[in-house]
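Single-letter residue listing:
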Amino acid sequence: KEAEAMESSFINPNDGQKRRCNRLFYLAIPPNVFGDAGTAIKETAMSISGWNRLIIEKPFGRDLESCDLLSKQLTGLFEEHHLYRIDHYLGKEMVQNLLIFRFGNAWLEWMWNRNAIKAVILTFKEPFGTEGRGGYFDQYGIIRDIMQNHLLQVLTLLAMEPPIEADGPTAADHVRDAKVQVLRAMSTLTLDDCLLGQYRGYADDETITNKQTNTPTYAAIHCKINTPRWSGVPFIMKAGKALNERKCEARIILRDAPGSSFLFPSRPQLPPNEIVLRLQPNPTVYIKTNIKHPGFDSQPVQSSMDMSYSSKFDMAKDYNNPDAYTRLLLDVMRGRQASFVRDDELRRSWEIFTPLLHKIENEHIMPVLYE
């Protein structure tokens, strides 16, 4: 009642007409209060003249059951067009570039399949540990924190078929339909598909109460996409803390040049060609290719052809380098949902990961220690 009364008092001084009132809500709150917050918004704060949109921060549950519970609470109150499940990786410049890179270059499409590509490796590395956030991190681990959401989103964009429409105000469901098709073609993960690690000293974090914790701080997972385009091509996700550098990248490894071991006996095993998309730091696209060593030597060597955003564009200008959240918030206000996670997309991702997560936790699978 109070919200309606306030809204009715907004009058345009130029023409005396009531102003249209739009409302944007940002739920950066624990998942266990999503239901109560949503109920309060629905009953007391919804606009009656404009749009209503809710941004929902992760975690979107911790397994399939909790995801279904949260979805039931939210979809019982709101329709899908109200909900914007935010994953800030979808707002990163290089991730935003993937659709144009994949579908806007004629030279790429003919080779973007199992015939030319040997493997796809997605890597996330941080050079620091939990640093006082261990109590939170220990409830989730690296698989839930990075792989089930950030890296999986990048994987779907790399592996999806061309959507009917890739950009514009009506493209959202076409893009997300194509991503869901990738997830539906993925095999459910098992313990045989992964390697788990934990950095030495992780449990020394004062905020971690369980000193015998088996929470992984590193994982490498082999994913299979059972489509004609990708059958037999391993998609490998690797993520970890307390490693040697800060980096996030997608590395597409091409098949070996046919006959190269006979043609170049001085280097019987030529390095494979690679297309590398570095998300952070310093977004860059580069291609690793083999060339002749300069001078009298005919030894093949590997070199890179690269396009660094910082060398090509003036990234100091805000409009060339918006923050991921800035970009995504603008999409919300424009009503564009392509870079947000849809309900069926979220549910299928948990279907893929939940059996593995329950296996690790229920059988107390211990990770390998690393330094």
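Residues numbered from 1 in each chain as written. Predicted model: local features only at pLDDT ≥ 70, side-chain atom pairs only at ≥ 80, totals over all residues. Heavy atoms only, no water.

## Details of the overall build of the protein chain
Here is the rule we go by: A helix here means a DSSP run of H or I that spans at least four residues, while a strand means a run of E at least two residues long, and both kinds are numbered starting from the N terminus. Partly exposed describes any residue whose relative accessible area lies between the buried limit of under 20% and the exposed limit of over 50%, with all areas from a 1.4 Å probe on protein chains only and scaled to the type maximum. Any pair of residues with heavy atoms lying within 4.5 Å of one another is described as a contacting pair. Note that His is not counted, nor are the chain ends; the positive residues are Lys and Arg, and the negative ones are Asp and Glu. Lys charges are placed at NZ, Arg charges at CZ, Asp charges at CG and Glu charges at CD.
Helix and strand content of the protein chain: twelve helices and twelve strands. Referenced to the eigenvectors of the C-alpha coordinate spread, the extents of the protein chain come out at roughly 85 × 55 × 40 Å. Here the protein chain holds 371 residues, and the buried ones make up 50% of them. Contacts spanning at least 24 positions in sequence make up 74% of the contacts within the protein chain whose residues lie at least 6 apart. Computed over 44 positive and 46 negative side-chain charges, the separation of the two mean positions in the protein chain equals 4 Å.

## Some thoughts on the side chain of glutamate 249
On the secondary structure map, glutamate 249 appears in strand 8 (residues 247-254). Residue glutamate 249 is classed as buried on the basis of its relative accessible area of 5%. With near-sequence residues (within four places) excluded, glutamate 249 lies in contact with Ile121, Leu122, Thr123, Val276, Leu277, Arg278, Leu279 and Tyr286.

## Description of the sheet that holds strand 2 (residues 52-57)
Which entries qualify depends on this criterion: Note on pairing: DSSP must find at least two bridges between two strands before they are called paired. Angles here are taken between N-to-C directions and fall from 0 to 180 degrees, while the axes themselves are lines fitted to C-alpha atoms, restricted in helices to the stretch in contact.
The strand order across the open sheet formed by three strands is 1-2-3, and the pairing between neighbours is parallel. Of all the strands in the sheet, the pair left with one neighbour each is strand 1 (23-27) and strand 3 (83-86). Adjacent strand axes in the sheet meet at a mean angle of 20 degrees, parallel and antiparallel pairs treated alike.

## A short note on helix 12 (residues 343-362)
This is how it is decided: Expected span of a helix, by definition, is 1.5 Å for each gap between consecutive residues, and there is one gap fewer than residues. Values of bend correspond, residue by residue, to the angle between axes fitted over the seven residues ending at that residue and the seven starting there.
Along its 20 residues, helix 12 runs 27 Å from first to last C-alpha, staying within 8% of the 28 Å computed at 1.5 Å per residue. At phenylalanine 353, helix 12 shows its largest bend, some 40 degrees, and a proline, proline 355, comes one to four positions later. Of the residues trailing helix 12, histidine 364 is marked for its positive phi of about 50 degrees.

## With respect to helix 7 (residues 141-159)
Note: α-helices contain 3.6 residues per turn, so residues at a spacing of three or four share the same orientation. The end-to-end C-alpha separation of helix 7 is 25 Å, in line with the 27 Å expected for 19 residues at 1.5 Å each. Taking the largest bend as the criterion, helix 7 deviates by roughly 45 degrees, centred on methionine 147.

## Considerations on the packing of helix 3 (residues 64-75) against helix 12
Short version of the rule: For classification purposes, an angle smaller than 35 degrees is called roughly parallel, one larger than 145 roughly antiparallel, one from 65 to 115 roughly perpendicular, and anything else oblique. It is the rotation of the near helix from the far one that decides the hand of a crossing: anticlockwise by less than a right angle makes it left-handed, clockwise makes it right-handed. Under the grouping applied here, Gly and all other residues not named as nonpolar or charged are polar, the nonpolar ones being Ala, Val, Leu, Ile, Met, Phe, Trp, Tyr, Cys and Pro and the charged ones Asp, Glu, Lys and Arg.
In contact at an axis separation of 9 Å, helix 3 and helix 12 are set at 165 degrees when each is read in the N-to-C sense. Between helix 3 and helix 12, the angle falls in the class roughly antiparallel. The hand of the helix 3/helix 12 crossing is left-handed. Packed against helix 3, whose contacting residues are Leu64, Cys67, Asp68 and Ser71, the element helix 12 presents Asp343, Leu346, Arg347, Trp350, Glu351 and Thr354 at the interface. For the contact of helix 3 with helix 12, the residue count by class is four nonpolar, two polar and four charged.

## A closer look at the state of the cysteines
Defined as follows: Disulfides are defined in this document as cysteine sulfur pairs within 2.5 Å.
Throughout the structure, instances matching the rule amount to zero disulfides. Take cysteine 223: it sits in no disulfide, and the sulfur closest to it among the cysteines is that of cysteine 194, at 10 Å.

## Some points on the packing of helix 8 (residues 172-184) against helix 12
Where helix 8 contacts helix 12, the axes come no closer than 10 Å and their chain directions differ by 15 degrees. Judged on the interaxial angle alone, helix 12 and helix 8 are roughly parallel. Where helix 8 crosses over helix 12, the handedness of that crossing is left-handed. Touching Arg176, Lys179, Val180, Leu183 and Arg184 of helix 8 are Asp344, Glu345, Arg348 and Ile352, all from helix 12. When the residues that make up the contact of helix 8 with helix 12 are grouped by side-chain class, the tally is three nonpolar, no polar and six charged.

## Looking at the nonpolar core
Using the following cut-off: Buried Ala, Val, Leu, Ile, Met, Phe, Trp, Tyr and Cys residues that are joined via side-chain atoms within 4.5 Å together make up what is termed a nonpolar core.
Ranked by size, the top nonpolar core spans 85 residues in total, and within it Ile143, Met147, Leu158 and Phe353 carry the most contacts. Excluding residues within four positions of it along the chain, methionine 147 makes contact with Ile142, Leu152, Ala219, Ile221, Met237, Lys238, Ala239 and Phe353. Counting six residues, the second largest nonpolar core, distinct from the first, contains Tyr84, Leu328, Val332 and Phe340.

## Some points on the pattern of salt bridges
Using the following cut-off: A carboxyl oxygen of Asp or Glu within 4 Å of a side-chain nitrogen of Lys or Arg is what we treat as a salt bridge.
Within this structure, the stated rule accounts for 26 salt bridges. Taking the shortest distance from any N to any O, the salt bridge between aspartate 68 and arginine 347 comes out at 2.8 Å. Linking aspartate 68 in helix 3 with arginine 347 in helix 12, this pair joins segments that are 279 residues apart in sequence. The salt bridge partner of arginine 176 is aspartate 173, with a shortest N-O separation of 3.4 Å. Residue arginine 176 and its partner aspartate 173 are located together in helix 8, separated by three residues, close to a single helical turn. With relative accessibility at 1%, the residue arginine 176 sits in the buried group. On the accessibility criterion, aspartate 173 (40% relative accessible area) is partly exposed.

## Details of the packing of aromatic side chains
Stated precisely, the cut-off is as follows: To pair, rings of Phe, Tyr and Trp, with the six-membered ring standing in for Trp, must have centres within 6.5 Å; the planes then decide the type, stacked if under 30 degrees apart, edge-to-face if over 60, and tilted in the middle. Here, a charge over a ring is recorded when the distance from Lys NZ or Arg CZ to the ring centre is within 6 Å and its angle to the ring normal is within 35 degrees.
Overall, the coordinates contain eight aromatic pairs when judged by the stated rule. Here the aromatic rings of tyrosine 136 and tyrosine 140 are separated by 5.1 Å at their centres, their planes lie at 40 degrees, and the arrangement is tilted. Residue tyrosine 136 is classed as partly exposed on the basis of its relative accessible area of 33%. Looking at tyrosine 140, the relative accessible area reads 16%, which means it is buried. Ring centres 6.0 Å apart and planes at 70 degrees place the aromatic pair tyrosine 218 and tyrosine 370 in the edge-to-face group. With tyrosine 218 in strand 6 (residues 218-223) and tyrosine 370 in strand 12 (residues 368-370), this pair connects stretches of sequence that are 152 residues apart. Comparing tyrosine 218 with tyrosine 370, the two get one shared label, buried. Clustering of aromatic rings is evident, with ring pairs tying together Phe137, Tyr199, Tyr202, Tyr218 and Tyr370. Across from the ring centre of tryptophan 51, 3.9 Å away, lies the NZ or CZ of arginine 53, which sits over that ring.

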